[in-house]
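Architecture and fold: a report
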Amino acid sequence: MLQSLAGSSCVRLVEQHRSAWCFGLLVLGYALYLVFGAVVFSSVELPSEDLLRQELAKLKRRFLDEHACLGEPQLERFLARVLEASNYGVSVLSNASGSWNWDFTSSLFFASTVLSTTGYGHTVPLSDGGKAFCIVYSVIGIPFTLLFLTAVVQRIIVHVTRRPVLYFHVHWGFSKQVVAIVHAVVLGFITVLCFFFIPAAIFSGLEDDWNFLESFYFCFISLSTIGLGDYVPGEGYNQKFRELYKIGITCYLLLGLIAMLVVLETFCELHELKKFRKMFYVKKDKEDDQEHIIEHDQLSFSSISDQATSRKEDQK
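Remember, it's a predicted structure, so these values are computed and weren't measured experimentally. (Residues numbered from 1 in each chain as written. Predicted model: local features only at pLDDT ≥ 70, side-chain atom pairs only at ≥ 80, totals over all residues. Heavy atoms only, no water.)

Quick word on the environment of Glu214
Residue placement: Glu214 occurs in helix α7 (residues 212–223). Between the alpha carbons of Glu214 and Ser204 there is a distance of 7.9 Å; along the sequence they are 10 residues apart. When neighbours within four sequence positions are excluded, Glu214 is seen to be in contact with Asp209 and Tyr231. A polar atom in the side chain of Glu214 sits 2.9 Å from the side chain of Tyr231. (Helix = DSSP H or I, 4+ residues; strand = E, 2+ residues; numbered from the N terminus. Contact = heavy atoms within 4.5 Å. Polar contact = N/O pair within 3.5 Å; in protein donor to acceptor, adjacent residues only side chain to side chain.)

Quick look at the structure:
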């Protein structure tokens, strides 16, 4: 008897705080996923880093042995300055790109990466004025970009997602949920094909040092706005049509980001995902729901009364 009462009370407690329990599991799952990523990256990349460190140490010792007139402190100062310049996108190598990092097309590409929060980091402002302007430009530009992308996606998704789903549901009699799922999968496949596989094949042909995997990696890192900066197109030696190439990449990043947001919004509108997301949200109190209903009724009543008065004035 006591065990059944205790069990029923535990069940009621879990049901009453179901959203909190789901949120706790969500936080725990996210933390475990972070730890999982750290373990995998560490196990995969640490041996490669160790080999690179050993190789650099051997090259440094060999260079000092071959050039006995050069001391190690002098070499350290030279390398530090070279690495500092490299962090600002300036290279001393003879086979480096002869183009400037801050011509108009390169600046346009940099502005697009700032506003889209991709931020490759291969080119950064050198002067204090440029850094200050970058802060002000980003504070205004990033919300402006979000507003622009939201408006564009809202208009595109009406024609790309909602109307096709409604058409197949009304004229063909298919279930709206099934049509929405199939449409989301097809749209995602087309987006991956047009903005990942095909551009990756193009980049692997245009960039001399990139294979298909590296090109696909660049496309994913860019369109997901991660922007690690280890692969940046148009920075090779004697790049042909560099200005036109940079403008094309800027357009590709903008269109690809819009396409990604359209696909994401399409999946977010699926009924199953909506139900799944609600598991982790805070449930509204009944009083809040009643207030919302009252406010909605008042707005509806005021709009009806306004329409009635306008009709009377028209009749007069």
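Thoughts on unusual backbone geometry
Its identity as a non-glycine residue notwithstanding, Thr117 has a phi of 60°, on the positive side. You can call Thr117 partly exposed: its relative accessible area is 43%. Phi angles above zero are rare outside glycine, and Thr225 is one such case at about 60°. Its place among the elements puts Thr225 in the loop between α7 and α8 (242–268). (Buried < 20%, exposed > 50% of the residue type's maximum accessible area, 1.4 Å probe, protein only.)

Describing the UniProt feature "transmembrane region" (unreviewed entry) in the protein
UniProt annotation of "transmembrane region" (unreviewed entry) refers to residues 21–44, 135–157, 178–203, 215–232 and 244–264 when read in the numbering used here. For residues 215–232, the helix share is 50%, the strand share is 0%, and the end-to-end C-alpha distance is 10 Å. (UniProt positions renumbered as here; feature names shortened; annotations may be inferred.)

Considering the environment of Phe220
By the secondary structure assignment, Phe220 is in helix α7. Residues Phe220 and Val192 lie 28 residues apart in sequence; the distance between their C-alpha atoms is 9.6 Å. Excluding its chain neighbours within four sequence positions, the residues that come into contact with Phe220 are Phe196 and Ile226.

Structural notes on the packing of aromatic side chains
Each pair of aromatic rings is reported with the distance of its centres and the angle of its planes. Summed over the entire model, instances satisfying the criterion amount to 17 aromatic pairs. Taking the centre distance of 6.1 Å and the plane angle of 35° together, the rings of Phe168 and Trp172 count as tilted. You can call Trp172 exposed: its relative accessible area is 55%. Seen in terms of ring centroids, Phe197 and Phe216 are 5.1 Å apart; in terms of plane orientation they differ by 50°. Their pairing is tilted. Taken together, the residues span a long stretch of sequence, with Phe197 in helix α6 (residues 176–206) and Phe216 in helix α7 at a distance of 19 residues. A residue is classified by how much of its surface remains accessible, and Phe197, at 38% relative accessible area, is partly exposed. Relative accessible area serves as the criterion here: at 23%, Phe216 is assigned to the partly exposed category. Cluster of aromatic residues (ring-pair linked, three or more members): Phe203, Trp210, Tyr217, Phe218, Tyr231 and Tyr252. Positioned over the ring face of Phe109 is Lys246, at 4.4 Å from the centre of the ring. (Phe/Tyr/Trp six-rings, centres within 6.5 Å; stacked < 30°, edge-to-face > 60°. Lys NZ or Arg CZ within 6 Å of the ring centre and 35° of its normal.)

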